[in-house]
Amino acid sequence: MAVRRLPLHVDDASGARHRGELLFVRDYTPDLDLNSDAAFTIVIVQQPLDADSALPSAANVAVCAPAAPVRLPASIGEAKVAYGSDKPPAFQLPRAAVRSYAAGSLLAAQPLSVTPADIFAECDGQPRLDALVSDLVAASQRAERYWGALSEALSQPNPPAQQPRRDQLLNKLRALLGGAPQSSAYGQETFQRLRQIVDGTAPARAAASPAALADDIAFIRCLAERPQEATELASMRAYMNGVHFDQDGSDIASDYPYTREQLSFVAILERPHELDSMRATFAAFRSRYASAYEAHHTTHWQAVTRLNVAMEDAGMTAQALTRLNGLRALGRPLGEPALAAYTRLRQARRECPEQELAAALKSQPACPQCNLSISDRAPLAEAEDMLRQLDSALSRQHTRLASEAVRRILARGGQRLEQFLQIVQASDLTGLARVLDGDLLEFLQELLSEPVAPTAEALDLFEELARSHPVVSEEQVDAVAQTLRTLLTEQLASQQEDDPSASATFRLASIPPPKS
């Protein structure tokens, strides 16, 4: 398929018109013949991209590819496309092609925020190329800011060239990297990012921001031109990079951004005499931080000690609940999330043995023994919630054990269960956890698993209930319960009439005879 070209005009949010070009091709190749006068180029390919497809060489080019091969009609080439004008776009894709492009891929030299789904999904055959172009133009403008920062950082303290060629900037960067020492462990990631740019990666993909890119280059230049100052400042920066705060609003946390900003390699290149001021700023922050960290370190490990004691005290409760959960006759297991939390929290570490913390904090921002962050918190609130859940679950299992049906079955256990029954009836959860050993649990499992036979009266009652409600839906649950209540009430009233002096009861099941 020959390359088909269409003009594409897009008005951005500010009203500025961008005149570009839309290309339809069968396969994507990075060496496409592009119109140098176009503000942007959108390439629509009919074949999926390879996993290792090269990025477009130009920053103002985006490639849209389908998830599966598509065939576009030749009539597309006859339409003109103009977004932002009074006339609706005549550019129309077949529905099957739209779905394939929405699930496909988007390739651009610069990071984009839009996705193929944003452009093609629910577009009624008319892709949202205006959204793609707006994002692409914005990305190109961001790219220019990165290249401007690169040019300025390589030229300081002299002003940068008015319109430097990018290949010249890359050659200067390559020479800078080749001449700078790489002994500093702090700078390994910096060297890696800048080498990616030299090897063809867009600066906007390699660096977090234009300012960060300028700082990276300034660091390499300092290593080459002022190695002693660069090494000292890199040590300060490494310390600051190891400090992590939560959003606690403390004074020391508020001081961090200001201190970090002052430790600038760009400033060292422009104003070397400011290193003394940087040393003083860093030393003041480190002193306040070390005091706050030592207090936090002490408080944290004291809390961990209390947590460990609480976990030890909860051991019997967790063990008893685990064992009762294994008795199927009691119903579904209870408190399983709390048991999982207990298993995790009981693995809490013992108190940190570090004795020389103050001296260690002069060279590193965390304890060398436990590596505690100043934002770390002992999970006391989680532990308290877990303990409440454990007690609640064990209490509910106790209620099950104390129910009339289970009590009668347990009463058949003879002297072996006498103490256990006393504990159950007294609602003594601590005693319950203490006496529930493996042997007793095995005996309970055997006893509670014995079959319970329904009485003839119960079978008759259930048959009558089933006759009244042969099929039960969610809306009929209350009606079934009311029918059961009526049937039971009638049975009890009948017994009361036969023998007014006796307590009326209705036996649902017969208890097996006790074991000899």
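Along each chain, numbering runs from 1 in the same order as the chain's sequence is written. In view of the model being predicted, local features appear only for residues whose pLDDT reaches at least 70, and side-chain atom pairs are presented and counted only at 80 or more, with totals across whole chains, interfaces and linings using the full set of residues. With hydrogens and water stripped out, all remaining heavy atoms of the structure feed into the side-chain values.

Before going further, it helps to spend a moment on the pattern of salt bridges. Side chains that carry opposite charge are capable of pairing whenever their charged atoms lie near each other. The salt bridge definition used is simple: a Lys or Arg side-chain nitrogen within 4 Å of an Asp or Glu carboxyl oxygen. Inspection of every chain in the model, using the stated rule, returns 19 salt bridges. Two residues, Glu189 and Arg193, come together in a salt bridge whose shortest N-O distance is 4.0 Å. Taken together, the residues Glu189 and Arg193, both in helix α5 (residues 188-198) and 4 residues apart, mark about one turn of the helix. The exposure class of Arg193 is partly exposed, given its relative accessible area of 25%. Close ionic contact of Asp255 with Arg288 constitutes a salt bridge, the shortest N to O distance being 3.0 Å. Of this pair, Asp255 sits in helix α9 (residues 251-262) while Arg288 sits in helix α11 (residues 275-313); the two residues are 33 residues apart in sequence, bridging distant segments of the chain. For Asp255, a relative accessible area of 27% translates into the label partly exposed. When salt bridges with common partners are traced through the structure, they connect Arg5, Glu21 and Asp33 into a single cluster. Secondary structure follows DSSP: runs of H or I at least 4 residues long count as helices, runs of E at least 2 residues long count as strands, and numbering of each begins at the N terminus. Throughout this description, buried means an accessible area under 20% of the type-specific maximum (1.4 Å probe, protein chains only), exposed means over 50%, and partly exposed covers the range between.

Time to look at helix α20 (residues 456-468). Taking 1.5 Å as the rise per residue, α20 with 13 residues should run 18 Å; its terminal C-alpha atoms sit 19 Å apart, in good agreement. Those residues of α20 that are buried lie in contact with α21 (477-498). A helix is expected to reach a length of 1.5 Å times the quantity of its residues less one. Any pair of residues with heavy atoms lying within 4.5 Å of one another is described as a contacting pair.

Among buried residues, the Ala, Val, Leu, Ile, Met, Phe, Trp, Tyr and Cys ones that are joined through side-chain atoms within 4.5 Å form a nonpolar core. Ranked by size, the top nonpolar core spans 60 residues in total, and within it Leu173, Ile217 and Tyr293 carry the most contacts. A per-element tally of this core places α11 first, with 10 residues. Not counting residues up to four positions away in its chain, the partners in contact with Ile217 are Leu150, Ala153, Leu154, Leu173, Leu176 and Leu194. Core analysis: the next-biggest nonpolar cluster, separate from the first, contains 26 residues, Leu6, Val114, Ile119 and Val133 among them.

Counted residue by residue, strand β3 (residues 41-45) has 5 buried out of 5 residues, so it is predominantly covered. By the alternation rule, side chains of β3 split into Thr41, Val43 and Val45 and Ile42 and Ile44, which are all buried. Here β3 runs beside strand β4 (residues 61-65); their pairing, made up of 4 bridges, is parallel. For Val43, the partnering residue across the bridge sits in β4 and is Val63. Note: two strands are recorded as paired if DSSP finds a minimum of 2 bridges between them.

Moving on: the packing of helix α3 (residues 129-155) against helix α4 (residues 166-179). Only the contacting stretch of a helix is used when fitting its axis, a line to C-alpha atoms as for every element, and angles between N-to-C directions run 0 to 180 degrees. Where α3 meets α4, the closest approach of the two axes is 10 Å, and the angle between their N-to-C directions is 50°. Of the possible angle classes, the one that applies to α3 and α4 is oblique. By crossing handedness, the relation of α3 to α4 is classed as left-handed. For the pair formed by α3 and α4, the contact residues are Glu144, Trp147, Leu150, Ser151, Leu154 and Ser155 on the first element and Arg166, Leu169, Leu170, Lys172, Leu173 and Leu176 on the second. As a working rule, the residues Ala, Val, Leu, Ile, Met, Phe, Trp, Tyr, Cys and Pro are called nonpolar, Asp, Glu, Lys and Arg charged, and the rest polar, with Gly in that last group. Each residue belonging to the contact of α3 with α4 can be placed in one class, and the counts come to 7 nonpolar, 2 polar and 3 charged. Should an angle lie under 35 degrees it is considered roughly parallel, over 145 roughly antiparallel, and from 65 to 115 roughly perpendicular; all remaining angles are considered oblique. Less than a right angle of anticlockwise turn of the near helix away from the far helix marks a crossing as left-handed, whereas a clockwise turn marks it as right-handed.

Here we take up the packing of aromatic side chains. Aromatic pairs are defined between Phe, Tyr and Trp rings, using the six-membered ring for Trp, whenever the two ring centres lie within 6.5 Å; interplanar angles under 30 degrees are classed as stacked, those over 60 as edge-to-face, and all others as tilted. For the coordinates displayed, the defined rule picks out 7 aromatic pairs. For the ring pair Tyr101 and Phe120, a centre distance of 5.2 Å and an interplane angle of 20° mean the geometry is stacked. Taken together, the residues Tyr101 in helix α1 (residues 95-102) and Phe120 in helix α2 (residues 116-120) connect sequence positions 19 residues apart. Given the relative accessible area of 0%, Tyr101 is considered buried. With 5.5 Å between their ring centres and 85° between their planes, Tyr239 and Phe282 make a pair best called edge-to-face.

Looking at where Ala393 falls in the secondary structure, it is placed in helix α15 (residues 380-401). Along the chain, Ala393 and Glu336 lie 57 residues apart, while their C-alpha atoms are 8.8 Å from each other. The contacts of Ala393, once residues within four sequence positions are left out, are Leu321, Leu334 and Gly335.

So, about unusual backbone geometry. One non-glycine residue, Asn371, lies in the positive phi region at around 55°. Along the polypeptide, Asn371 turns up in the loop between α14 (357-360) and α15. Here Asn371 falls in the exposed class, since its relative accessible area comes to 57%.

So, about the packing of α4 against helix α7 (residues 210-225). Following both chains from N to C, one finds α4 and α7 inclined at 45°, their axes separated by 9 Å at the closest point. Relative to α7, α4 is oriented oblique. Seen from above, α4 lies across α7 with left-handed handedness. Counted together, Leu173, Leu176, Leu177 and Gly179 of α4 and Ile217, Ile220, Arg221 and Ala224 of α7 form the full contact between these two elements. In the contact of α4 with α7, the residues fall into 6 nonpolar, 1 polar and 1 charged.

The next thing to look at is the side chain of Ser140. If you trace the backbone, Ser140 turns up in helix α3. Residue Ser140 is classed as buried on the basis of its relative accessible area of 16%. At 3.2 Å, the side chain of Ser140 forms a polar contact with the backbone oxygen of Ala59. Setting aside anything within four residues of it in sequence, one finds Ser140 in contact with Ala59 and Asn60. Residues adjacent in sequence count toward polar contacts only when both atoms are side-chain atoms; beyond that, a polar contact is any pair of N or O atoms within 3.5 Å, and within protein one must be able to donate a hydrogen and the other to accept it.

Glancing now at the environment of Ala103. Inspection of the secondary structure puts Ala103 in the loop between α1 and β6 (105-108). C-alpha separation for the pair Ala103 and Ala68, spaced 35 residues apart in sequence, amounts to 8.8 Å.

Looking now at the state of the cysteines. For the purposes of this analysis, a disulfide is any pair of cysteine sulfur atoms at a distance within 2.5 Å. A full pass over the atoms with the stated rule returns 0 disulfides. Here Cys370 stays unpaired: no disulfide links it, and the sulfur of Cys367, its closest cysteine neighbor, is 3.6 Å away. Using a relative accessible area of 9% as the deciding quantity, one classes Cys370 as buried.

Time to look at the confidence of the model for the protein chain. Averaged over all residues, the pLDDT of the protein chain equals 81, while 83% of them reach at least 70. One number per residue, pLDDT, summarises how confident the predictor is, and it ranges from 0 to 100. Note on residues 77-89: pLDDT is under 50 here. Beyond four places in sequence and across chains, it has 27 contacts.

Moving on: α1. Of the positions making up α1, those classed as buried are Ala97, Val98, Ser100 and Tyr101. Axial view of α1: buried residues confined to an arc of 165°, hence all on one face. Along α1, the residues that are exposed and aim more than 90 degrees away from the buried face are Arg95 and Arg99. Buried-residue contacts for α1 involve β3, β4 and α2. The arc in question is the one traced by the directions running from the helix axis out to the C-beta atoms.

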